[in-house]
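Structural overview for review
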Amino acid sequence: MRKVFLIFLFVMSCGGGGSTSIILNMDSSLAPYYTKVSVRISGEEFDPILYSKEGTFYPGDVVTFNVNIPEGKERLVEAIIYDPEGNPVYYASKTLDMSKDTTLIMDMKPSQKRVFSYEVFSDGKKYAGGVNFYLFSEDLYSLNTSFSTLQSGDTYAYMLGSYLAYHDGRVWRFLYLQDQSDQEIFLYGRYTLPIKLPDGITSMEVYGSYEGLLTETDKSVTVFSEKMLSDGTVVFIGYADGLYYSVSKDSVNFKKACQVEGECKALNIKFTGEKPDTYTLFASYAGIRFPITYGELFVYNPQLTYSLYISGKIKEPCVMRYSMFTELQNFTGSANIDIQLRDVSFEGVTPSATMRVYSTDGNFEMEGSCESSAKGVFKIPYKGSVYVESVYPDGKSVGVFLNPEESGVSFPETDLEVLRYEFKNSYLLLKFKRGSDLPWCSLRLFSEGSELIVDKIPPWRSYFKIRNAGDLFGKLPDYTLRCYSEDKKYYVEVNSAKLHEIMKQKTPSIYKMD
């Protein structure tokens, strides 16, 4: 038999008489009785209002709240029911335009969920515990619950339609809890290893588990977990007066390559079709990729997989620079690379746009401009799926997904605009407007040294009041707001940064081996 828990909430609007009835339904009961019921109402113009009643409540009881809130758009209503131990066991939320006479029926869902946290390594992942989680309401304003030292696989109280916030080791992430399935999150650990350059070497350009310039004054280096194996192995390739390498745990000690007979082979690469400007041979070991050549030689090891990093310029009909990785199968030193250009037509682009084409796996990137005012054709040396993006000086970008079998893209006319963006009192306010064809969005806030990503902004949300954002950023950060079509076929993005900064953000850390 269906058990129903009823709560009637009577709301007297500021503009006059009227009432709103809110009914909470439970399909089943997780406890014989309950000890607390809370209702929280929030809106853009006022601080959240929380009402709670404590006592002994049985399924089928009626609890009444008398409150006074303003009418208006986009009111978030949340309800929580607590068990005898004080745990939130049922939750529901809805966002609606509040009028004088409204009846709102909310289906309460069990608020217990397991979270599995994993540390990401180059060769896979493994369980990670001791992670701090925070639970935010869907408007991001209030902190519902906080957790500390939660172990992977633990069950925790969650609120369907809320955000699970945590620091993944690099950035703050807010994940929208859309359903009741188990939640997986991924973390990136930092490891500090002692390092010593070879005798006589004062500086070395390093790739692999770490990328950058090391000098003789550097005594240690910090490596992220996704650039190391799960057993702690790190891979370093260094360039100085020759090619050096280090494959080890716990510390980094370089050896010079090509000193052992048969360790290095001659490189013989030929091209047909489009001729690139430059190319460099790369190798991968357990998911870590690094350059592996020195002069006309490369380090050969059958345990490595090889790919060729190619860069070049296409001069017509659009001027575009490209860079890409091409996998080499069963590579032992010789390869014939055939680069064929693919014609792609486009329409709906204004003359001020910078064109960008990229693959989501990071293996292809192309950027340039076309003289056409609205439509034209450009050529790309890549056969896989890509996004074709037009980037405008005002910070707006439009991207369209292109499958390998498709030969053209049409950029849609769609609306996305940030209306207000400011620090206000103790929170950061971002208010935006989007077209109905862009239901789901994401938000990135960033400044030097700090970053926050909000994933899956729901279709009914048009503002955020992110509490205590000043503690993270200090000043108003830059933003990138991106909204997708339902089928992810295209997206629209608005960015607060200038065009040259936008392109710097969009361009990945792709290798430049001159």
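Residues numbered from 1 in each chain as written. Predicted model: local features only at pLDDT ≥ 70, side-chain atom pairs only at ≥ 80, totals over all residues. Heavy atoms only, no water.

**So, the pattern of salt bridges**
Opposite charge on two side chains lets them pair, provided their charged atoms get close. In total, this model carries 25 salt bridges according to the counting rule given. Residues Arg-356 and Glu-389 are paired through a salt bridge, measuring 2.9 Å at the closest nitrogen-oxygen approach. In this pair, Arg-356 sits in strand E36 (residues 354-358) while Glu-389 sits in strand E39 (residues 386-391), placing the two residues 33 residues apart along the sequence. In this pair, the class of Arg-356 matches that of Glu-389, namely buried. (Salt bridge = Lys/Arg side-chain N within 4 Å of Asp/Glu carboxyl O. Helix = DSSP H or I, 4+ residues; strand = E, 2+ residues; numbered from the N terminus. Buried < 20%, exposed > 50% of the residue type's maximum accessible area, 1.4 Å probe, protein only.)

**Quick notes on the state of the cysteines**
Summed over the entire model, instances satisfying the criterion amount to three disulfides. Two residues, Cys-318 and Cys-370, share a disulfide whose sulfurs are 2.0 Å apart. With the S-S bond torsion at 115 degrees, the cross-link from Cys-318 to Cys-370 turns out right-handed. One end of the pair, Cys-318, is in the loop between strand E32 (305-314) and strand E33 (319-328); the other, Cys-370, is in the loop between strand E37 (364-369) and strand E38 (375-380), with 52 residues separating them in the sequence. In this structure, Cys-318 and Cys-370 share a single accessibility class: buried. Across a sulfur-sulfur distance of 2.0 Å, Cys-441 and Cys-483 are joined as a disulfide pair. Taking the torsion about the sulfur-sulfur bond, which here is approximately 100 degrees, the covalent link between Cys-441 and Cys-483 counts as right-handed. Of this pair, Cys-441 sits in strand E44 (residues 440-447) while Cys-483 sits in strand E47 (residues 478-484), and the two are 42 residues apart along the sequence. Neither residue differs from the other here; Cys-441 and Cys-483 are each classed as buried. The cystine pairing of the protein, numbering bonded cysteines in sequence order, is 1-2, 3-4, 5-6. (Disulfide = S-S within 2.5 Å.)

**A short note on the layout of surface pockets**
Roughly 420 Å³ of internal volume is contained in the second largest pocket. If you go around the second largest pocket, you meet 20 residues; those closest to its centre are Phe-325, Thr-326, Glu-327, Leu-328 and Tyr-382. Among the elements of the structure, E32, E33 and strand E34 (334-339) are those that each provide at least two residues to the lining of the second largest pocket. In terms of residues, the lining of the second largest pocket owes the most to one element, E33, which gives five residues. Residues belonging to the lining of the second largest pocket are distributed by class as follows: eight nonpolar, seven polar and five charged. (1 Å grid on protein atoms, 1.4 Å probe; cavity = no way out; pocket = protein on both sides within 12 Å on 5 of 7 lines; lining within 4 Å. Points joined across faces, edges and corners; volume = space filled by probe spheres on them. Nonpolar A, V, L, I, M, F, W, Y, C, P; charged D, E, K, R; others polar.)

**Considerations on the side chain of Thr-233**
With respect to the helices and strands, Thr-233 occurs in the loop between strand E21 (220-224) and strand E22 (234-239). If we skip the residues at most four places from it in the chain, Thr-233 touches Met-228, Val-247, Ser-248 and Lys-249. (Contact = heavy atoms within 4.5 Å.)

**Some words on unusual backbone geometry**
For residues other than glycine, phi is negative in most cases, and the peptide bonds are mostly trans. Residues Glu-316 and Pro-317 are joined by a peptide bond in cis, for which omega reads -5 degrees. Positive phi, close to 55 degrees, is recorded for Glu-74, a residue that is not glycine. With respect to the helices, strands and loops of the structure, Glu-74 is situated in strand E6 (residues 72-82).

**A short note on the environment of Gly-295**
Topologically, Gly-295 is positioned in the loop between strand E30 (293-294) and strand E31 (297-299). On the basis of relative accessibility, which here comes to 64%, the residue Gly-295 falls in the exposed class. Taking C-alpha positions, Gly-295 is 8.9 Å from Leu-267, a pair spaced 28 residues apart along the chain.

**What to know about the environment of Val-344**
If you trace the backbone, Val-344 turns up in strand E35 (residues 342-347). Taking relative accessible area as the criterion, Val-344 reaches 0% and is therefore assigned buried. In the structure, Val-344 is positioned 64 residues away from Gly-408 in sequence and 4.9 Å away in space, judged by C-alpha atoms. Apart from residues lying up to four places away in sequence, Val-344 is in contact with Gly-376, Val-377, Phe-378, Ile-380, Leu-402, Ser-407 and Gly-408.

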